[in-house]
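# Understanding the architecture of this molecule
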Amino acid sequence: RAVAMSVSHSSRLNKLVREQYMRLPQDGRVQVTYVWIDGSGEGVRCKSRTLDKEPKSIEDVPEWNFDGSSTAQAEGSNSDMFLVPVCMFRDPFCLDPNKLVLCEVLKYNRKPAETNLRHTCKKVMDLVKDSHPWFGMEQEYTLLGINGHPYGWPDNGFPGPQGPYYCGVGADKVYGRDIVESHYKACLYAGVKICGTNAEVMPSQWEFQVGPCEGIEMGDHLWMARFILHRVCEDFGVVATLDPKPMTGNWNGAGCHTNYSTEEMRREGGLKHIEAAIEKLSKRHDYHICVYDPRGGRDNSRRLTGHHETSNIFEFSAGVANRGASIRIPRQVGQDGYGYFEDRRPAANCDPYAVTEAIMRTTVLNETGVETKDYTDH
């Protein structure tokens with residue numbers, strides 16, 4: 001009974017009946033679902049429309065609009081916002097030839113909405129494209145019942161202490177694998193560059209990895225992977241939270257570790273370029289902390305305590321194979337003398353556009369201090 005109560009009502013609708021309708025032919029017409037980031041900077045929204053034929057590229061998908069006053073992005077008196085398609089994926093829910101389309105949000109005056117962080121990220125990535133920045137982001141998340149309690153945890157208590165759950169196997173070790181495997185398959189089908197998954201240290205916490213992606217593609221693919229995760233969870237009747245510290249106490253928080261390299265870091269002798277980049281990051285710690293969660297570092301302050309495989313939010317540190325440091329150089333990279341490094345500071349609910357842009361501003365464009373340069377004229 002307890003398990004039944006913790007999933008949503010809509011997940012218990014008859015899915016076989018739904019299948020009957022999903023198999024109906026579409027007569028050449030195509031359902032396109034537009035996906036965008038709302039005014040919270042964390043939530044995603046979507047709505048669908050019919051196109052007369054399958055779009056072959058993003059240019060074939062028309063601009064659209066929505067009511068920004070209902071997404072905390074505009075006032076009711078001037079509420080129309082523009083949806084500008086930027087990246088197209090196959091739709092794993094309605095299947096081919098239907099599409100999922102990630103959009104940028106523009107205001108009535110065609111300036112980017114406040115939570116449209118892709119706009120400046122794209123400008124920065126265009127400026128640094130000759131350095132061929134590659135990213136891989138490790139998205140941790142926690143499954144919750146509809147009651148807000150971690151999925152599978154005892155109703156009136158806690159599971160046993162952390163230890164057996166990380167990469168665990170068995171009904172008493174992992175909760176919700178069906179969701180994780182469905183999400184993985186859905187991402188592969190969609191064309192999202194998902195590259196792995198594992199159970200995390202806290203029970204009912206999981207991680208998936210996206211990458212390697214070059215430049216702006218990192219944010220595009222991670223946001224679509226998040227949308228697909230929320231949509232899969234909806235089918236199963238549970239909630240995925242990206243809160244960086246969903247359970248207080250002796251439980252691991254949730255991050256979005258960001259692996260990064262430029263072309264020169266990936267070449268023979270690249271370690272000196274890695275070390276130079278880390279040196280630049282060390283001088284700009286406060287700026288990065290500010291952009292690594294949607295609340296200027298307040299969310300991360302609950303997670304970056306120096307315990308539970310985190311660094312302390314107030315100190316910058318780096319080390320080989322050190323999971324308690326701000327920046328980790330993988331042991332293999334230390335041995336090979338080239339490769340990539342991992343920034344362990346971004347929170348699970350970070351905006352990947354903000355994170356990747358900040359890393360490029362500091363390590364390639366050589367910005368310093370807490371102010372950022374405006375590259376509009378370039």
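About the thresholds
- Residues numbered from 1 in each chain as written.
- Predicted model: local features only at pLDDT ≥ 70, side-chain atom pairs only at ≥ 80, totals over all residues.
- Heavy atoms only, no water.
- Domains from an automatic or database assignment.
- Contact = heavy atoms within 4.5 Å.
- Buried area = accessible area lost by both parts, 1.4 Å probe.
- Salt bridge = Lys/Arg side-chain N within 4 Å of Asp/Glu carboxyl O.
- Polar contact = N/O pair within 3.5 Å; in protein donor to acceptor, adjacent residues only side chain to side chain.
- Nonpolar A, V, L, I, M, F, W, Y, C, P; charged D, E, K, R; others polar.
- Helix = DSSP H or I, 4+ residues; strand = E, 2+ residues; numbered from the N terminus.
- Buried < 20%, exposed > 50% of the residue type's maximum accessible area, 1.4 Å probe, protein only.
- Phe/Tyr/Trp six-rings, centres within 6.5 Å; stacked < 30°, edge-to-face > 60°.
- UniProt positions renumbered as here; feature names shortened; annotations may be inferred.
- Expected span 1.5 Å × (residues − 1).
- Arc of directions from axis to C-beta.
- Pairing = 2+ DSSP bridges.
- Axes fitted to C-alpha atoms, helices over the stretch in contact; angles between N-to-C directions.
- Parallel < 35°, antiparallel > 145°, perpendicular 65-115°, else oblique.
- Left-handed = near helix turned anticlockwise from the far one by under 90°.

### As for the domain arrangement of the chain
By a widely used convention, the size of an interface equals the accessible area lost when the partners come together. Here the chain is described as being made up of domain 1 (9–115) and domain 2 (125–364). Between domain 1 and domain 2, the C-alpha centre-to-centre distance is 26 Å. The interface of domain 1 with domain 2 comprises 21 residues on the first partner and 23 residues on the second. Among the residues domain 1 hides against domain 2, the three largest losses belong to E42, F89 and F93. Together they make up 33% of the total. In this structure, the salt-bridge partner of E42 is R295, at a minimum N-O distance of 2.8 Å. Counting across the domain 1 and domain 2 interface gives 5 residue pairs in polar contact (both at pLDDT 80 or more). Of the residues in the side of domain 1 that touches domain 2, the class split is 12 nonpolar, 3 polar and 6 charged.

### So, unusual backbone geometry
For the bond from D96 to P97, the omega torsion is 5°, close enough to zero to count as cis. Geometrically, the link from G211 to P212 is a cis peptide bond, its omega value of -5° lying close to zero. Phi at D27 takes a positive value of approximately 55°, unusual for a residue other than glycine. With respect to the helices and strands, the residue D27 is situated in the loop between α2 (15–22) and β1 (30–37). For A321, which is not glycine, the phi torsion reads 60° and is therefore positive. Examined against the element boundaries, A321 turns out to sit in the loop between β11 (318–320) and β12 (327–329). Residue class for A321 comes out partly exposed when judged on its relative accessible area of 26%.

### Some thoughts on the packing of aromatic side chains
On inspection of all chains with the given rule, the structure shows 8 aromatic pairs. Judged by centre distance (6.0 Å) and plane angle (50°), the rings of Y141 and F208 are tilted. Separated by 67 residues along the polypeptide, Y141 in strand β6 (residues 134–144) and F208 in strand β8 (residues 205–214) bring together distant segments of the chain. For Y141, a relative accessible area of 1% puts it in the buried group. Exposure remark for F208: the relative accessible area of 1% places this residue in the buried category. Ring geometry for W153 against W251: centres 4.8 Å apart, planes inclined by 45°, an arrangement best described as tilted. In this pair, W153 sits in the loop between β6 and α4 (177–190) while W251 sits in the loop between β9 (239–241) and β10 (256–261), placing the two residues 98 residues apart along the sequence.

### Brief notes about the pattern of salt bridges
Going through the model one piece at a time under the given rule, you end up with 23 salt bridges. Taking the shortest distance from any N to any O, the salt bridge between K173 and D172 comes out at 3.3 Å. D299 is the partner of R302 in a salt bridge, and the nearest nitrogen-oxygen pair spans 3.3 Å. Several salt bridges converge on common partners, so that one network encompasses E42, D243, R295, D299 and R302.

### Comments concerning the UniProt feature "domain: GS beta-grasp" (unreviewed entry) in the chain
Feature annotation in UniProt places "domain: GS beta-grasp" (unreviewed entry) on residues 30–110, given in this structure's numbering. Overall, residues 30–110 shows 0% helix and 48% strand. The separation of its end C-alpha atoms is 28 Å.

### A word on the environment of R323
Residue position: R323 is located in the loop between β11 and β12. Between the alpha carbons of R323 and R344 there is a distance of 7.9 Å; along the sequence they are 21 residues apart. Every residue in contact with R323, bar those within four places of it in the chain, is listed here: E309, T310, R328 and R344.

### Focus: helix α7 (residues 271–282)
If you check α7, its first and last C-alpha atoms are 16 Å apart, about what 12 residues at 1.5 Å a residue would give, namely 16 Å. All of the buried residues in α7 are L271, I274, A277, I278 and L281. Seen from one end, α7 has its buried residues packed into an arc of 120°, which puts them on one side.

### With respect to the sheet that holds strand β4 (residues 80–90)
As summarised here, the arrangement of the 5 strands in space is β2-β1-β5-β4-β3, forming an open sheet in which the pairing is mixed. Strands with a single pairing partner mark the edges of an open sheet, and in this sheet they are β2 (44–51) and β3 (64–67). Averaged over neighbouring strand pairs, the angle between their axes works out to 40° when direction is ignored.

### A word on the pairing of strand β5 (residues 99–106)
Among the 8 residues that make up β5, 8 are buried, leaving the element largely enclosed by the rest of the structure. The alternating pattern of β5 places K99, V101, C103 and V105 on one face and L100, L102, E104 and L106 on the opposite face, and all of these are buried. Pairing of β1 with β5 involves 4 bridges; the strand directions are parallel. Its bridge partner lying in β5, V32 is registered against K99. In the sheet, β4 pairs with β5 via 8 bridges, with the strands oriented antiparallel. Bridge pairing in β5 places F82 opposite L106.

### Description of the packing of helix α5 (residues 217–236) against helix α11 (residues 352–363)
Direction vectors running N to C along α5 and α11 enclose 155°, while the axes themselves pass 8 Å from each other. Judged by the angle between their axes, α5 and α11 are roughly antiparallel. Judged by the sense of rotation from one axis to the other, the crossing of α5 with α11 is right-handed. Where α5 abuts α11, its residues M218, G219, D220, L222, W223 and R226 lie against P352, Y353 and T356.

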